[in-house]
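# Structural characterization, general
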Protein chains: 2
Amino acid sequence: MDETRWLNSDEDRAWRGYRRLSLLLGRQLARDLAADSQLSEADYDVLSNLGETPGGRIRLTDLAAHMRWSPSRLSHQVARMRQRGLVTRETSPDDGRGSVIVLSDEGRRTIEAAAPRHVESVRRHFIDLLTPAQVQALAALSDTVVEHLVKAESE
Amino acid sequence: MDETRWLNSDEDRAWRGYRRLSLLLGRQLARDLAADSQLSEADYDVLSNLGETPGGRIRLTDLAAHMRWSPSRLSHQVARMRQRGLVTRETSPDDGRGSVIVLSDEGRRTIEAAAPRHVESVRRHFIDLLTPAQVQALAALSDTVVEHLVKAESE
DNA sequence: ACACTCTAGTTGACATGTCACATACTTGGC
DNA sequence: GCCAAGTATGTGACATGTCAACTAGAGTGT
């Protein structure tokens, strides 16, 4: 067993900082979203992705892949959102197994009303606190790590 | 209602990047931790914080405040960890309401065995992918945002 | 047409988090 | 010493995620 390479001072500060940022930011955004729009972050993400899709419709597996969610997670989520009338489910015409998720009118109204407030919340608690250089640094660093993690998951 | 200040290109890339990083990194670390040490991230955090405490003992409320968890969350978590023998609960001698959480011998062995592997995992999937400058940028940016969020929560 | 294998989704059981509420113990002021 | 408030936890109900198992339809080769 090799010697453990513990985190040095900077690394530790970055790691703990990231963890805390992640914990607090998630909580704050979730609270704002729930208070402003009665949506969870998961709801928002699904609606938002569905909204960017042509016709507001997409195969469940495709949406799951796009969002990097497991099909199971998305299936559960969609089931809940279906009950609330935010989305609809149709059988795929070209594949009997397939499930096409469709953004309902209410779903579209909901996401269009929620988006401005959510962006405002993201700005207030995160983006607007950073300098342009920090924003770019975050984007670059995220791209690097995400690329690695995507590969790691496909193994 | 003012015009919505949508995210510009850099901001959007940073925000989406962060979200994806957060999703994938959490999942990867959780999988490694579960496979290597049969612990959840929550378990690890509690054990780790408890381990850094003198005598491996601390009041529930104090630990919750230190970790920025809600007392309720920590109470549930401790209940589960208690059943697995990782921690013990004692009544506070100076406050009848108080609950002192104590790291058990098994808990200490567990965290000491898990720590090296977890650090290795954090390095492999995150820290080692970044340049020293990026590590520092992340630390600085996190400090700024965390400071803001801590204030926001206390309102 | 069949048999075999793969793929798309769904589901159920179980681990976690959150929120609201119930409880018991402390404290400060009479 | 007693009572109104405030504080420290514990709990229950409910929303989400994960993993594994199950069902059903699609594809391939013979």
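This text gives an overview of the structure that appears in the document. (Residues numbered from 1 in each chain as written. Chains lettered and ligands numbered in written order. Predicted model: local features only at pLDDT ≥ 70, side-chain atom pairs only at ≥ 80, totals over all residues. Heavy atoms only, no water.)

Another point: the packing of helix α1 (residues 9–37) of chain A against helix α1 (residues 9–37) of chain B. Contact geometry of α1(A) with α1(B) gives a least axis separation of 12 Å together with a crossing angle of 110°. Between α1(A) and α1(B), the crossing angle belongs to the class labelled roughly perpendicular. Considering the relative orientation of α1(A) and α1(B), their crossing is left-handed. Packed against α1(A), whose contacting residues are W15(A), Y18(A), L21(A), S22(A), L25(A) and L29(A), the element α1(B) presents W15(B), Y18(B), L21(B), S22(B), L25(B) and L29(B) at the interface. Here the residues of the contact of α1(A) with α1(B) sort into ten nonpolar, two polar and no charged. (Axes fitted to C-alpha atoms, helices over the stretch in contact; angles between N-to-C directions. Helix = DSSP H or I, 4+ residues; strand = E, 2+ residues; numbered from the N terminus. Parallel < 35°, antiparallel > 145°, perpendicular 65-115°, else oblique. Left-handed = near helix turned anticlockwise from the far one by under 90°. Contact = heavy atoms within 4.5 Å. Nonpolar A, V, L, I, M, F, W, Y, C, P; charged D, E, K, R; others polar.)

Close to DNA strand C lie 22 residues, the nearest being R59(A), T61(A), R89(A), S99(A) and R97(B). The contact in question runs from a base oxygen of DNA strand C to an N or O atom on the side chain of S72(A), over 3.0 Å. If you list the elements that add at least two residues to the surface near DNA strand C, you get α3 (60–67) and α4 (71–83) of chain A together with α4 (71–83) of chain B. Grouping the amino acids of the surface near DNA strand C by side-chain chemistry returns two nonpolar, twelve polar and eight charged. (Near = heavy atom within 4 Å. Polar contact = N/O pair within 3.5 Å; in protein donor to acceptor, adjacent residues only side chain to side chain.)

Residue and element names in this part refer to chain A. If you trace the three strands from one edge of the open sheet to the other, you get β1-β3-β2, paired in antiparallel fashion. Since the sheet does not close on itself, it has two edges, and those belong to β1 (57–59) and β2 (87–91), each with one partner. This sheet shows a mean twist of 25° between the axes of neighbouring strands, independent of strand direction. Bridging between β2 and strand β3 (residues 99–103) involves five bridges; their strand directions are antiparallel. Opposite E90, over in β3, you have V100 as the bridge partner. Lying on the sheet, α3 is in contact with β1 and β3; it crosses β1 at an angle near 90°. (Pairing = 2+ DSSP bridges.)

Moving on, we get to the protein's contact with DNA strand D. Around DNA strand D, the surrounding shell holds 23 residues, and the nearest of these are R73(A), T61(B), S75(B), R89(B) and S99(B). By atom count, sugar and phosphate contribute 68% of the portion of DNA strand D lying within 4 Å of the protein. Interatomic distance of 3.2 Å between a backbone N/O atom of G96(A) and a phosphate oxygen of DNA strand D. Measuring from a phosphate oxygen of DNA strand D, one finds a side-chain N or O atom of R89(B) at 2.6 Å. Among the elements that make up the surface near DNA strand D, the one with the highest residue count is α4(A) (five residues). Classifying every residue of the surface near DNA strand D gives two nonpolar, twelve polar and nine charged.

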